[in-house]
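Coordinate analysis (summary)
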Amino acid sequence: IDLGERTEITAVATQGGYGSSDWVTSYLLMFSDSGRNWKQYRQEESIWAFSGNMNADSVVYYKLQHSIKARFLRFVPLDWNPNGRIGMRIEVYGCAYSKWSEVVGFDGKSCLIYTFNQKLMSAHVISLKFKTMQSDGILLHREGQNGDHITLELIKGKLYYLTKTSFNLLSDTKTHPSNAQINIKLGSLLDDQQWHSVLIEQFNNQVNFTVDKHTHHFHAKGEFNYLDLDFELSFGGMPVPGKSDILSHRNFHGCFENIYYNGVNIIDLARRHKSQIYFVGNISFSCSEPQVVPVTFLSPSSYLALPGTSGQDEAFVSFQFRTWNKEGLLLSSKVHQASGGFLLYLSDGKVKITKKQPQDLKMRPLDLSAGLNNGQWHSVSFSVKRNRISVIVDNDVTASAHASISLQIYSGDSFYFGGCPTTGNISECNTSFGGFQGCMRLIAIDNKAVDMISVQQNVFGNFSDLQIDLCGIIDRCLPNYCEHGGECSQSWNNFYCNCASTGYKGATCHYPIYEQSCEAYKHRGNTSGFYNIDSDGSGPLGPFLVYCNMTDATWTIMQHNNTNLSRVKSANRENPHTVFFKYSASLDQLQATINHAEHCEQEFVYHCKKSRFLDKQGGMPLSWWIGRTNETQTYWGGSLPAVQKCACGLEGNCIDSQHYCNCDADRDEWTNDTGFLSYKDHLPVTEIVITDTDRPNSEAAYKLGPLLCRGDRTFWNSASFNTETSYLHFPTFHGELSADVSFFFKTTASSGVFLENLGIQDFIRIELYSPSEVLFSFDVGNGPSEVTVQSLTSLNDNQWHYVKAERNIKEASLQVDQFPQRFHTAPPDGHIRLQLNSQLFVGGTASRQKGFLGCIRSLQLNGMALDLEERAKITPGVEPGCPGHCSSYGKLCHNGGKCKEKYSGFSCDCTFSAYAGPFCKKEISAYFGTGTSVTYNFQEYYTLAKNSSSHASSFYADMTLNREAITFAFRTTRTPSLLLYVSSFYKEYLSVILTRNGSLQIRYKLDSRQDPDIFSINLKSMADGKLQHVKIDREKEMLFVEVIQLDKKQTKPKKNSDADEETMKADSQGFIGCLSSVQFNHIAPLKAALHHSSSAPIIVKGRLTESNCGTLTASDSTSSETTHSFADHSGPIDEGEPLANAIRSDSAIIGGVIAVVIFILLCITAIAIRIYKKKGIYSKDEAKGSENEDSAESALKSEISMQNTANENQKEYFF
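Just so you know, these numbers come straight off a predicted model, no measurement behind them.

**Observations concerning the overall build of the chain**
Summing up its helical and strand segments, the chain has 13 helices and 90 strands in all. Within the chain, buried positions represent 53% of all 1215 residues. For the chain, the proportion of contacts with a sequence separation of at least 24, taken over those separated by at least 6, is 70%. Element-wise, carbon and sulfur atoms account for 50% of the exposed surface of the chain, whose accessible area totals about 55,000 Å².

Written out as structure tokens, the structure is:
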């Protein structure tokens, strides 16, 4: 359609053929100024096609989202009624545009200079449109003194806004130093001979730079109103080159339309030859259209076949191409059996050439011309003359290749561009790489330009799947849909995000790799250590490093740069001592963490001598601190935001009752005001100011601890849905381009909807579809899509299950627990925006059908947590909170720890475990001095009355043991040694000893009338200073022994010169070394001695010191198992008894029928453990290991310091 002149088109409408069955169901819309070089109209980011008619009579009307300004329109039918033919009636709506259009043309050697009034203006607005075929050129330039300038320059098809000023400039909160350059690039492929609009708005120091529909905002800091720039603007080039250090100095070759500067029509002034304008070079007030006809190769099967000319053995072919693909066939010749042909192709972004028969010569690739898949136009010229081939890329003689081969070019041979015709399914080229996808132009054969319009009209040549007279290349990385700084790269059909080192993952780098809090790490079973946390999930804030201290509560520790005790002298109000604290994370990141936490605190230690916080007379604060809100605070550690108080003022115990702080008493002696600041809204402390230390003898010292936060409110935030019609509703979920939803659920129901949000047509829904199936469904305008995860086990087992769903413009994914993630790829050119407008329903749907029964916890949408508990409090049928975490998390309690429910979460009760810590995994170990022992009296444990008769068998005859389960770990170099001894009132006993040769012996005496049964394990000496784990289980007459040795390199201990051989014999009932994690059935005697010595029935002789010697771990542990059987004493041993690995020494016949002789735990006197530590054998890291030191703290510290000097060079720690 030729509209006769340039017109602004705002809408189109179509109808079928009158009274027929001919109508078009889908079409493309194209536009052009010249009837050449068409451009396709896009409705949305990636929607090209318009939906047409469904019958012959109804009118389908489209209001265009952005108007088209063009003279020619072209409708390209894609699909039509299968029972008819193509039939269209078309109406176009709009208004005349030409009379508003002022055009000026530049020839690449000219420019136009505008001089304006020399009055200061705080606002500058420049708007213009341009079109060009050149990828480089200066559009706008403004020069100043000392090299300052502002330039708008086209470089490789992108528009750069370049400034260099002497002022500080601020762009995206990054401060540029003085004399800084800003360069901001917008747009892409702007050399497509289509009109592009540019708008630069500068108000004081705010600059908005817009190209087409993409805008970049930035701040210019300081008095940045062009002060030392000249009062002239140059369009189309630079009048005097060489003054500025601009990237290139190429003048603009193309057309401008409607140039306005602060409302002044520059082209109109130029047309009327006004005095403010002068010209350099030739300028025309019209826009000439170069007659270049590009072609687009749409698919790998596209090709263009053109006949060669009749030169017998020479040929010359040249063309230009642009593409994003690394691979593709550019040019090939027809095959002849005798000589074969040649292939010119792209491989890894380089041009290469080869002969069709691979056994012949293969030319070296053109390595100099790498990166040709950058979307720019590149020229290739190829010639064959007398068996000599030469290829030149981008007219660069250095990037050329020459070779001599036997190649016959026959007259009238066809050249194939971009691919080959296929017969059947076989391509004639028979290449491993596919066809070319991209654009070509300026094709010439034997120096004669090919007329593509004649090809289009089938005058000569033939083609398949081509678009002639337009280049359909688009930049899929504009806008950049890779989030969090992911790098975008692209091919013709797709874009890809490189998420390396962003801290995020997924097709668009949307989903965080790291957990949101220490609490989440803890419930994955992690122990204390440094972790990256991402406190806003997939939100804009990045991850940062914290220390997670996993005690019963979970503490997140965020350090700053100034944790030492600092002394302050000679500071006053005129010259205050000001200190700033910089944290390991930004204030926004810290704020997100603080908001998640249940409680936060920061210790402030302040020692003072004649240094006050407050001047009582004037009521003026003399010291203060500033927190996150940037407000001055005058309350101190241990106090609340009530003004000007310290902890002692709240508690009423200050050293001078007239003051609210100890320091305000102004005494000439050291005192202190120390405590925790715990008002979350004011934390962290960012600055402290101290002024009152300039009087004689006046001094202060302060220390600010790290920011500590406990817990994660969102992790346990939950709601219970009790009826199928109950639900919670929240504001509309906004996740247009990327949306992620994660939560935990538990239920006994077989199905139900977790959440749903509807739009007019779009929707998003996650539901339990069946007991073992979770379904994620959505529609963004391309029809409903579904992703399903099938679980191998039932999900309605009333245990917590984790669900994570994500949808971005490339794909959707769904993960349930640890099952493999399922994906659904989005269509390449479909709708991409998820547009919702109703409320978000949680636990139900808008129709009140298929509601969810059960619990939902920790619901996060795009990293934002929804407060289910608050909303549940005011919603009938929904209860806040959800009991029963142990069924899911109980397995985190190890070593006999019992899981206990809490309102939010759970805890592990380690009372009956030999271990401690939040998950009963911390080993409890001890060293003993010579002569030290621990005695555990079972009588006390069973609360036997103190004054009862000693022969208490009548009371406790039924308290017998058919089995024992004993575990412990030890490390020693001393033999012989007694490790464990249990004895009863009736002289039965069990002892575990190391014999003189270092073998382990277990002696059971279950019958006082017989010798003990002795079981030995003498694989090798166990007194080798390595950690040995021993496990002894006896069930009636079966005995099971397991020994695990953790091999660690260990320095050979020195012989203790104090102890001679006689002493060692005398001490054979003792033990020297380390003992760890001792458990006898449900009793943990070593733990009781160390942690509950006052309440437990424990007698400790000598000095007992807790240590970390038992927590050695090793990957290469060697294990040996021994199984023994107690057989009937009277007969011989049956061959069938399990005696694998049994080494029986000392006793050939195993005696003692267990049914007759029974362990009686009446008055078992002791488990005697004596551990002696030789000086210089072990070094230990007490300071790290013992976080809660008890009364022995001071003695321990002196001992550590002595010990560390003795063992300074021994860097081995036993935990």
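**Regarding the UniProt feature "domain: EGF-like" (unreviewed entry) in the chain**
UniProt annotation of "domain: EGF-like" (unreviewed entry) refers to residues 473-510 and 883-921 when read in the numbering used here. Taken end to end, residues 473-510 comprises 0% helix and 26% strand; its first and last C-alpha atoms sit 27 Å apart. From the first C-alpha to the last, residues 883-921 spans 25 Å; its make-up is 10% helix and 26% strand.

**A few points about the nonpolar core**
Among the nonpolar cores identified, the biggest contains 40 residues, and F968, F970, L979, V992, L1000 and I1032 are the most heavily contacted of them. Per element, the largest residue contribution to this core is 4 residues, and it comes from helix α11 (residues 1085-1091).

**Here's the deal with the sheet that holds strand β52 (residues 623-626)**
Within a sheet, neighbouring strands are paired by backbone hydrogen bonds and run either parallel or antiparallel to one another. One open sheet holds the 4 strands; their spatial order is β48-β56-β52-β53, and the pairing between them is antiparallel. Here the strands that pair on one side only, and so sit at the sheet edges, are β48 (577-580) and β53 (632-633). By the bridge criterion, 4 bridges tie β48 to strand β56 (residues 687-690) in an arrangement that is antiparallel. Bridge pairing in β56 places F580 opposite E687.

**Topic: the sheet that holds strand β82 (residues 1000-1005)**
One open sheet accounts for 4 strands, arranged β80-β81-β82-β83; its pairing is antiparallel. Each edge of the sheet is formed by a strand with only one pairing partner; in this case those strands are β80 (977-983) and β83 (1013-1017). The average angle at which neighbouring strand axes cross in this sheet is 10 degrees, direction not considered. Across 6 bridges, strand β81 (residues 989-994) lies against β82 in antiparallel orientation. When the sheet's bridge partners are listed, S991 is paired in β82 with R1003.

**Observations regarding the state of the cysteines**
Per the counting criterion, the structure on display carries 14 disulfides. Covalent S-S linkage joins C499 and C509, the inter-sulfur distance amounting to 2.1 Å. Judged by the sign of its S-S torsion, about -90 degrees, the bond between C499 and C509 is left-handed. Of the two residues, C499 sits in the loop between β41 (495-498) and β42 (504-505) while C509 sits in the loop between β42 and β43 (511-512), which places them 10 residues apart along the sequence. Judged by its relative accessible area of 15%, C499 is buried. Across the disulfide, C886 is cross-linked to C899 (sulfur-sulfur distance 1.9 Å). Between C886 and C899, the disulfide has an S-S torsion of -85 degrees and is therefore left-handed. In this pair, C886 is assigned in helix α7 (residues 886-889) and C899 in strand β72 (residues 898-901), connecting sequence segments 13 residues apart. Among the residues examined, C886 registers a relative accessible area of 17% and is labelled buried.

**Considerations on the pattern of salt bridges**
Throughout the structure, instances matching the rule amount to 27 salt bridges. In this structure, R6 engages D33 in a salt bridge whose closest nitrogen and oxygen atoms are separated by 3.4 Å. Of this pair, R6 sits in strand β1 (residues 2-15) while D33 sits in the loop between β2 (24-32) and β3 (39-40), and the two are 27 residues apart along the sequence. Across this residue pair, the class does not change: R6 and D33 are buried. Across the pair E964 and R1034 runs a salt bridge, and its minimum N-O distance is 2.3 Å. Of the two residues, E964 is situated in strand β79 (residues 963-972) and R1034 in strand β84 (residues 1027-1035); the sequence distance between them amounts to 70 residues. R1034 matches E964 in its accessibility class, with the two residues each being buried. Linked by salt bridges that have partners in common, R6, D33, K131, E257 and E289 make up one network.

**Digging into the packing of aromatic side chains**
Using the criterion set out here, one finds 43 aromatic pairs in the structure. Centroid distance Y303 to Y416: 6.2 Å. Interplanar angle 75 degrees. Geometry classified as edge-to-face. With Y303 in strand β25 (residues 303-307) and Y416 in strand β33 (residues 414-417), this pair connects stretches of sequence that are 113 residues apart. Aromatic side chains F744 and Y802 sit 5.1 Å apart centroid to centroid with 50 degrees between the ring planes, which places their arrangement in the tilted category.

**Quick word on the side chain of S302**
Summarising the element assignment, S302 is placed in the loop between β24 (295-297) and β25. Accessibility expressed as a relative area gives 1% for S302, which makes it buried. Of the polar contacts made by the side chain of S302, one reaches the backbone nitrogen of L298; its length is 3.2 Å. Residues within four places of S302 in sequence aside, it is in contact with F297, G418, G419, S464, D465 and L466.

**Here's the deal with the confidence of the model for the chain**
Here the chain averages 79 in pLDDT, while 79% of its residues score no lower than 70. When the criterion is pLDDT under 50, residues 167-178 qualifies, and its contacts beyond four places in sequence or with other chains add up to 38 contacts. Segment residues 1047-1067 is flagged for pLDDT under 50; beyond a separation of four residues in sequence, or across chains, it makes 28 contacts in the model.

**Overview of the side chain of D536**
Relative to the helices and strands, D536 resides in the loop between β44 (529-533) and β45 (544-550). For the buried D536, which has no salt bridge, the nearest side chain bearing the opposite charge is R628, at an N-O separation of 14 Å.

**Let's talk about a nonpolar patch on the surface**
Taken together, the side chains of V59, Y61 and Y93 define a hydrophobic patch exposed on the protein surface, amounting to about 300 Å² of accessible area. The partly exposed category is assigned to Y93, whose relative accessible area is 34%.

Scoring rules and cut-offs
Here, residues in each chain are numbered from 1, in the same order as that chain's written sequence. Local features in this predicted model are restricted to residues whose pLDDT is 70 or higher, and side-chain atom pairs enter the listing and the counts only when it is 80 or higher, whereas totals over whole chains, interfaces and linings include all residues. Side-chain measures were taken over the full set of non-hydrogen atoms in the model, leaving aside hydrogen atoms and water. Here a helix means four or more residues in a row that DSSP labels H or I, a strand means two or more in a row labelled E, and each is numbered from the N terminus. For each residue, the accessible area found with a 1.4 Å probe, counting protein chains only, is set against the maximum for its type, and the residue is called buried under 20%, exposed over 50%, and partly exposed in between. In what follows, a contact means two residues having at least one pair of non-hydrogen atoms within 4.5 Å. Surface exposure here means Shrake-Rupley accessible area, sampled with a 1.4 Å probe, where a residue is shielded only by the protein chains that are shown. UniProt positions are given in the numbering used here, feature names are shortened, and annotations may be inferred rather than shown by experiment. Take the buried residues of types Ala, Val, Leu, Ile, Met, Phe, Trp, Tyr and Cys, join any two whose side-chain atoms come within 4.5 Å, and each joined set is a nonpolar core. DSSP-based pairing: two strands are paired if at least 2 bridges between them are found. Lines fitted to C-alpha atoms define the axes here, with helix axes fitted over just the stretch in contact, and angles between the N-to-C directions of these axes take values from 0 to 180 degrees. Put simply, a disulfide is two cysteine sulfurs that come within 2.5 Å. By definition here, a salt bridge exists when the distance from a side-chain nitrogen of Lys or Arg to a carboxyl oxygen of Asp or Glu is within 4 Å. A pair of aromatic rings is counted whenever rings of Phe, Tyr or Trp (Trp by its six-membered ring) have centres within 6.5 Å, and the orientation is called stacked for planes under 30 degrees apart, edge-to-face for over 60 and tilted otherwise. Under the rule applied, a polar contact is a pair of N or O atoms within 3.5 Å (in protein, one hydrogen donor and one hydrogen acceptor; residues adjacent in sequence only if both atoms are side-chain atoms). Per residue, pLDDT measures the predictor's confidence, with a range of 0 to 100. In summary, the charge assignment counts Lys and Arg as positive and Asp and Glu as negative, without counting His or the chain termini. Patches here are clusters of residues that have more than 30% relative accessible area and form no salt bridge, with a 9 Å joining cutoff for like charges and a 5 Å cutoff for nonpolar side chains (Val, Leu, Ile, Met, Phe, Trp, Tyr).

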